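# Descriptive structure summary
Chain by chain, the residues:
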Number of protein chains: 2
Amino acid sequence: MAKAKNILFIMFDQLRWDYLSCYGHPHLHTPNIDRLASKGVRFTRSYIQSPICGSSRMSTYTGRYVHSHGATWNGVPLKIGEITMGDHLRKQGMDCVLVGKTHMRADVEGMMRLGVSPDSIIGARVSECGFDVFERDDGMLPEGPDGSYDPDGAKEYNKYLRAKGYESDNPWHDFANSGLDADGNVLSGWFLKNSREAANIAEEDSETPYMTGRGMAFMEQAEGPWCCHLSYIKPHWPYIVPEPYASMYGPEHVLPVVRSDSEKQNPHPVYRMFMDNKVGEAFSRDEVRAAVIPAYMGLIKQCDDQMGRLFDWLEETGRMEDTMIVLTSDHGDFLGDHWMGEKTFFHDTATKVPLIIYDPSPEADATRGTVCDALVEAIDLAPTFVEVSGAEPAYHILEGESLRPILHGEATETTRDYVICEYDFSATPIAHFNDVPVKDAACFMVADKRWKLIHFEGGHRPMLFDLETDPQELTDLGDSDDHAEVIDRMYDRLFAWTRRQSQRTTKSVQDLVDMRTKTGRRGIVLGVYDETEAPLDQTVCYRDRKAANMKSGPAG
Amino acid sequence: MAKAKNILFIMFDQLRWDYLSCYGHPHLHTPNIDRLASKGVRFTRSYIQSPICGSSRMSTYTGRYVHSHGATWNGVPLKIGEITMGDHLRKQGMDCVLVGKTHMRADVEGMMRLGVSPDSIIGARVSECGFDVFERDDGMLPEGPDGSYDPDGAKEYNKYLRAKGYESDNPWHDFANSGLDADGNVLSGWFLKNSREAANIAEEDSETPYMTGRGMAFMEQAEGPWCCHLSYIKPHWPYIVPEPYASMYGPEHVLPVVRSDSEKQNPHPVYRMFMDNKVGEAFSRDEVRAAVIPAYMGLIKQCDDQMGRLFDWLEETGRMEDTMIVLTSDHGDFLGDHWMGEKTFFHDTATKVPLIIYDPSPEADATRGTVCDALVEAIDLAPTFVEVSGAEPAYHILEGESLRPILHGEATETTRDYVICEYDFSATPIAHFNDVPVKDAACFMVADKRWKLIHFEGGHRPMLFDLETDPQELTDLGDSDDHAEVIDRMYDRLFAWTRRQSQRTTKSVQDLVDMRTKTGRRGIVLGVYDETEAPLDQTVCYRDRKAANMKSGPAG
């Protein structure tokens, strides 16, 4: 083993932290991912910065909180001024390459303002969140009466499918994400009922194997050092999977739903909005869970098998020796827990993700196969990668912290006392149906190992969970007088966090310290009455100068 | 009179709010500025966003708080991503031109990252905080053993002086900002004692008349519509002025110092650092005040005379008919009050500035000569100017609010409940001498018409002033138990402010509202069990599709 030269940064989408056997799932066996965990460190408290794809990813890719980068929801462009993982790594001569999904929306207006052409190298990188693109595939080509949410979705993948004979204008939908009935009717995976079907596609042509192959194709031709972001759409919806995975799990493998009647009684008004919306209502139905969860498990099982294929190949080709492998997810999935579907709320189900890091360096031998319960955030990955590339992370820009000390057994905790997660639902149907003004739709979560507080704008009380006595987060203590002190303490932390200098990114801490003594020696002399009080070395330029009398002007 | 076509945005530097006769100074008569006030609205509670040139100005020029733009001190570059007054106005076809000082430091690294060449038009604008430069002059060419703080300072002005026969390598220093003794020795204006001298320059060649002439030269050739930022260095130090202004004021005109012994007894530890530094100690000496203040008053009197020259010319040339005129300052000057010099703290002396706005429009007739005590911030100017240019201000970027409703008599208050001012002293000698870590050097002021709270990082208690019973801010109530409730309330406001979404600048509020109902009609169908639950118009694209059986692959 050698020091990591390259980084393989694997991200799944909407993979719950507890749906892997190494994280304790009793029925879903994921031996390949577990194998990676046995060679690396498995983190049990890794939080993402926003429970929605785009914002979570923009935080991961910039190493900065959502409140700092401003891409607060899917489709909100990441400002051109934001500095990305790719910018940091390329400075060290490390390529930063995308294979798969980012959910990045380019800041077209900002690019125009600065004259950055989208077809220049710089423009292409800025448009792609700092990545050089081997293949971009956000993994979806939805189609509605007003067009597609992402007209470029599944672009190369659809070409691949068509070349393989999947005849359709949108084989991503008609084959990879739909079933088929006996009469040749497409059973769309967008309808949850059809999650019971097998996707009408050969397993090896479905999305996860396809993207694994694309990742291998990149690595095969890459020289490095590189950081390859291999970013899968699955097990994200549409929830449908081909055989043999479609038949692999049944009702007996579905975990009991985590919810209680008390959650429905007098709930926090914002939580109520999320429960009472269409998605929450759907996932509260047994038939929905019974249809979706086996498919979701099948998708994960397929991901694990593809990890087996990938890791075997990395071993065979010697790449395991000098490649750091990181495996994580952008957020979880409620799947009916807490009377909700989707991910856009703050229970661990949505905000905590699996995170496994394998570091080939000998320094990491001491921690192989260990489990770490430090408070970790997704923004820690960028500085970790910068350290692999050989540089000190630029902590005046990057808000996370490198996990190297943990990976190398020098620390068991990060230096933080709390994690932060944010959600802005101002652009969502929930805000529409509940008439929530944009300014009132922001929510902030602050959590330590014991307590989780959620603050809502709009004048609401907070929510509070005791993660120790109530790890399933079934009892909201946000209006408990007995917890006023805890609530105050958590609010103090949130307040301290909101006051951080997140935008002072053009000067490092060292730069600022250096500036302290600089202006005086560049001629700015303040509070000096006369020459006798002035340090000679600072004011030498203002002494012994001679001039003619010009008080009345040159001609006077 | 007509609707304002152009904007003349005049800024003085370090001009105290109370050193004009229209703001009540008993000895300093400023009839020309008073004349502008009699034709416009005079604001009595206009606060700047940071009590230091660069940061205050970056807020004014971007319409955003320091905490939002990140240029937290002089010399901290404004990030390339920040959108400026010039960007907003040029969109409407209004030029935005600089004549004088900005204290802008370009984000050279950001420009390189985005391939923005400094000698392109875009690069030049980005480097100059969004202005097209008619003449940039930050007004100082200091010289120290390590070179100059601003090697480009007074560049054109020094050329002008040399052409007029002021022979020196730095006539800005040797003539405009120094006296001369009988033996031909230059008496540097950097030494406060020399403030008693007359500057060794003909009055008409000194900086304020020079810059007035440059402003007129710009307007003479400009076609418009334009916003001209005529930005003077004076009455900023070096405190020295030519005759006749040098002899105009004596000890009898110096106002009594505003300070009390109690301020020195057990002061707030951060306030103590500011009092106990070299500048504070110097300005606490009577001889320093006696030397500096008459010169400071003379500089202001000269500014006022130049305003007379300028306004007369604007009237004669008809420009007064279609030009909005704004007159303000970037911050004040302690001048020994509260045992301090300079400006870098939070008393009104430093944070409140004069603001007079003359609007030629008939709509403004109702408010001519009125005084407005609304809570105004410097960041309100950018949106006010955008309205003059004919557009709705982009309030997802601009954090101030347009003053048009006040100018047009439609409102007497802004919509805000409090003003914010910030100071980051992490790069200062005070932090050096007191070993203050960078993270602990941030301070935030939140004030309404009654209370002013100052929060300091680093675990200190706040300071609190009752502006009603103690308008001179001599009694710090920050440790008063009787004021715990007020302190809590002011902290609630500060907390609400820190939580604002200041970085979500790529989508407007209207954009976000529009997005609420958009994804569904672009094919993202969530929480729909089967076709019977699905709105036909949203899911029409997923119905009645046909496919071949491909479950076992094309060849299967």
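Owing to the predicted nature of the structure, the values given are computational and were not obtained by experimental measurement.

### Details of the overall build of chain A
What chain A contains, in helices and strands, is 20 helices and 15 strands. Relative to the globule expectation of 24 Å for 556 residues, the C-alpha radius of gyration of chain A, 27 Å, shows essentially globular dimensions. When the backbone C-alpha atoms are referred to their principal axes, chain A occupies close to 105 × 60 × 55 Å. Counting over 556 residues, chain A shows a buried share of 67%. In chain A, 71% of the contacts between residues at least 6 apart in sequence involve partners at least 24 apart. For chain A, the accessible surface area stands at approximately 18600 Å², while carbon and sulfur atoms represent 50% of it.

### With respect to the packing of helix α9 (residues 207-221) of chain A against helix α13 (residues 286-316) of chain A
Residue and element names in this part refer to chain A. Where α9 contacts α13, the two axes come as close as 9 Å, and the packing angle between them is 20 degrees. Judged by the angle between their axes, α9 and α13 are roughly parallel. Helix-helix and strand crossings are classified by hand; for α9 and α13 the assignment is right-handed. Contact residues: α9 offers Thr208, Pro209, Thr212, Gly213, Met216, Met219 and Glu220, while α13 offers Gln302, Cys303, Gln306, Arg309, Leu310, Trp313 and Leu314. The class makeup of the residues in the contact of α9 with α13 is 7 nonpolar, 5 polar and 2 charged.

### What to know about the sheet that holds strand β15 (residues 463-466) of chain B
Residues and elements named next belong to chain B. An order of β12-β13-β14-β15 is seen for the 4 strands of this open sheet, with the pairing classed as antiparallel. Among the strands making up the open sheet, the edge pair consists of β12 (419-424) and β15. Ignoring which end each strand starts from, the neighbouring axes of this sheet average 15 degrees apart. With 5 bridges joining them, strand β13 (residues 442-447) and strand β14 (residues 451-456) adopt antiparallel strand pairing. Paired with cysteine 443 across the bridge in β14 is phenylalanine 456. Here helix α18 (residues 484-498) sits on the sheet and contacts β12, β13, β14 and β15; the angle it forms with β14, its principal contact strand, is near 65 degrees.

### What to know about the relation of the copies chain B and chain A
For the pair chain B and chain A, the superposition axis carries a translation of 0.0 Å, the fit reaches an RMSD of 0.1 Å, and the rotation angle comes to 180 degrees. With respect to symmetry, the two chain copies, as superposed, fit the operation of a two-fold axis. Measuring from the rotation axis to each C-alpha of chain B, the shortest distance belongs to glycine 81 of chain B, at 2.0 Å. In this assembly, 100% of the residues forming the interface of chain B have copies in chain A that are likewise at the interface, indicating an isologous arrangement.

### Looking at empty space enclosed by the protein
The final tally for this structure, using the stated rule, is 11 cavities of 30 Å³ or more. Taken as a whole, the largest cavity encloses approximately 110 Å³ of empty space. In this structure, the largest cavity is lined by Val525, Leu526 and Gly527 of chain A together with Gly189, Trp190, Leu192, Trp237, Pro238, Tyr239, Val279, Phe283 and Glu342 of chain B. In terms of lining residues, the second largest cavity is bounded by 13 residues, among which Leu192 and Trp237 of chain A together with Val525, Leu526 and Gly527 of chain B are the most central. Here the lining of the second largest cavity is composed, by residue class, of 10 nonpolar, 2 polar and 1 charged.

### Some thoughts on the interface of chain B and chain A
Note: interface size is frequently given as the accessible area lost on complex formation between the parts. The interface is formed by 130 residues belonging to chain B together with 131 residues belonging to chain A. Between chain B and chain A lies a buried interface of about 11400 Å² when both sides are counted; carbon and sulfur atoms form 58% of it. Among the residues chain B hides against chain A, the three largest losses belong to Arg516, Tyr529 and Arg545 of chain B. Together they make up 8% of the total. Linking chain B to chain A there are 18 salt bridges. Between arginine 285 of chain B and glutamate 533 of chain A there is a salt bridge whose closest N-O contact spans 2.7 Å. Run the count over chain B and chain A and you get 71 residue pairs in polar contact (both at pLDDT 80 or more). Split into classes, the residues belonging to the side of chain B that touches chain A amount to 56 nonpolar, 38 polar and 36 charged.

### Observations regarding the domain arrangement of chain A
Entries for chain A in the domain assignment read domain 1 (417-506) and domain 2 (517-542). On a C-alpha basis, the centres of domain 1 of chain A and domain 2 of chain A stand 50 Å from each other.

### Some thoughts on the pairing of strand β13 (residues 442-447) of chain A
Residues and elements named next belong to chain A. A large share of β13 lies buried, amounting to 6 of its 6 residues. Burial of the side chains of β13 extends over both faces: Ala442, Phe444 and Val446 are buried on one face and Cys443, Met445 and Ala447 on the other. When strand β12 (residues 419-424) meets β13, the two strands line up antiparallel, connected through 6 bridges. Bridge assignment links isoleucine 420 to a residue of β13, and that residue is valine 446.

### Considerations on the sheet that holds β13 of chain A
Sheets are built from strands paired through backbone hydrogen bonds, the pairs being either parallel or antiparallel. Residues and elements named next belong to chain A. One open sheet holds the 4 strands; their spatial order is β12-β13-β14-β15, and the pairing between them is antiparallel. Whereas interior strands pair on both sides, the edge strands pair on one side only; in this sheet they are β12 and β15 (463-466). Strand-to-strand, the axes of this sheet are offset by a mean angle of 15 degrees, without reference to chain direction. Contacts from helix α18 (residues 484-498) reach β12, β13, β14 (451-456) and β15, with the element oriented near 65 degrees to β14.

### Considering the packing of aromatic side chains
Under the defined criterion, the tally for this structure stands at 51 aromatic pairs over all chains. A ring pair is formed by tyrosine 19 of chain A and tyrosine 296 of chain A, whose centres lie 5.3 Å apart and whose planes are at 65 degrees; its orientation type is edge-to-face. You can see tyrosine 19 of chain A sitting in the loop between β1 (6-12) and α1 (31-39) and its partner tyrosine 296 of chain A sitting in helix α13, a full 277 residues away along the chain. Each member of the pair, tyrosine 19 of chain A as well as tyrosine 296 of chain A, carries the same accessibility label: buried. When the ring of tyrosine 491 of chain A is compared with that of phenylalanine 495 of chain B, the centres are 5.9 Å apart and the planes differ by 85 degrees; the resulting orientation is edge-to-face. One end of the pair, tyrosine 491 of chain A, is in helix α18; the other, phenylalanine 495 of chain B, is in helix α18, on a second chain. Side by side, tyrosine 491 of chain A and phenylalanine 495 of chain B carry an identical accessibility label, which is buried. An aromatic cluster is present here, built from Tyr271, Phe274, Phe345, Phe346, Tyr423, Phe425 and Phe456 of chain A joined pairwise through their rings. Against the face of tryptophan 17 of chain B rests lysine 352 of chain B, its NZ or CZ located 4.0 Å from the ring centre.

### Topic: the state of the cysteines
Within the structure shown, the criterion is met by 0 disulfides over all chains. Of all cysteine sulfurs in the structure, the one in cysteine 421 of chain A sits closest to cysteine 443 of chain A, which takes part in no disulfide; the separation is 9.8 Å. Its sulfur unpaired, cysteine 96 of chain B is 4.5 Å from the next cysteine sulfur, which belongs to cysteine 227 of chain B.

### Notes on the pairing of β12 of chain B
Of all 6 residues making up β12 of chain B, 6 are buried, and the element is well covered by its neighbours. By the alternation rule, side chains of β12 of chain B split into Val419, Cys421 and Tyr423 of chain B and Ile420, Glu422 and Asp424 of chain B, which are all buried.

### Considerations on the confidence of the model for chain A
On average, residues of chain A score 96 in pLDDT, and 99% of them are at 70 or above. For this predicted complex, the interface score ipTM comes out at 0.96, while the overall pTM is 0.97.

### Some details on unusual backbone geometry
The residue after tryptophan 237 of chain A, namely proline 238 of chain A, is reached through a cis peptide bond having omega -5 degrees. In this fold, proline 238 of chain A is placed in the loop between β7 (226-231) and α10 (261-264). With an omega dihedral of 10 degrees, the bond running from lysine 234 of chain B to proline 235 of chain B counts as a cis peptide bond. Relative to the elements of secondary structure, proline 235 of chain B occurs in the loop between β7 (226-231) and α10 (261-264). Phi at glutamate 473 of chain A is positive, roughly 55 degrees, even though this residue is not glycine. Mapped onto the secondary structure, glutamate 473 of chain A falls in the loop between β15 and α18. Even without glycine at this site, histidine 103 of chain B takes up a positive phi of about 65 degrees.

### Some words on the side chain of serine 148 of chain B
Looking at the secondary structure, you find serine 148 of chain B in the loop between β4 (132-136) and α7 (155-163). At 2.6 Å, the side chain of serine 148 of chain B forms a polar contact with the backbone oxygen of proline 142 of chain B. Polar contacts involving the side chain of serine 148 of chain B include one to the main-chain amide nitrogen of aspartate 150 of chain B, which spans 3.0 Å. When near neighbours in sequence (up to four residues on either side) are disregarded, serine 148 of chain B contacts Arg522 of chain A together with Leu141 and Pro142 of chain B.

Rules used throughout
- Residues numbered from 1 in each chain as written.
- Chains lettered and ligands numbered in written order.
- Predicted model: local features only at pLDDT ≥ 70, side-chain atom pairs only at ≥ 80, totals over all residues.
- Heavy atoms only, no water.
- Helix = DSSP H or I, 4+ residues; strand = E, 2+ residues; numbered from the N terminus.
- Rg over C-alpha atoms; globule rule 2.2 N^0.38 Å.
- Buried < 20%, exposed > 50% of the residue type's maximum accessible area, 1.4 Å probe, protein only.
- Contact = heavy atoms within 4.5 Å.
- Areas by Shrake-Rupley, 256 points an atom, 1.4 Å probe, with all protein chains shown as cover.
- Axes fitted to C-alpha atoms, helices over the stretch in contact; angles between N-to-C directions.
- Parallel < 35°, antiparallel > 145°, perpendicular 65-115°, else oblique.
- Left-handed = near helix turned anticlockwise from the far one by under 90°.
- Nonpolar A, V, L, I, M, F, W, Y, C, P; charged D, E, K, R; others polar.
- Pairing = 2+ DSSP bridges.
- Least-squares fit on C-alpha atoms with pLDDT ≥ 70 in both.
- 1 Å grid on protein atoms, 1.4 Å probe; cavity = no way out; pocket = protein on both sides within 12 Å on 5 of 7 lines; lining within 4 Å.
- Points joined across faces, edges and corners; volume = space filled by probe spheres on them.
- Buried area = accessible area lost by both parts, 1.4 Å probe.
- Salt bridge = Lys/Arg side-chain N within 4 Å of Asp/Glu carboxyl O.
- Polar contact = N/O pair within 3.5 Å; in protein donor to acceptor, adjacent residues only side chain to side chain.
- Domains from an automatic or database assignment.
- Phe/Tyr/Trp six-rings, centres within 6.5 Å; stacked < 30°, edge-to-face > 60°.
- Lys NZ or Arg CZ within 6 Å of the ring centre and 35° of its normal.
- Disulfide = S-S within 2.5 Å.
- pLDDT = per-residue confidence, 0-100.

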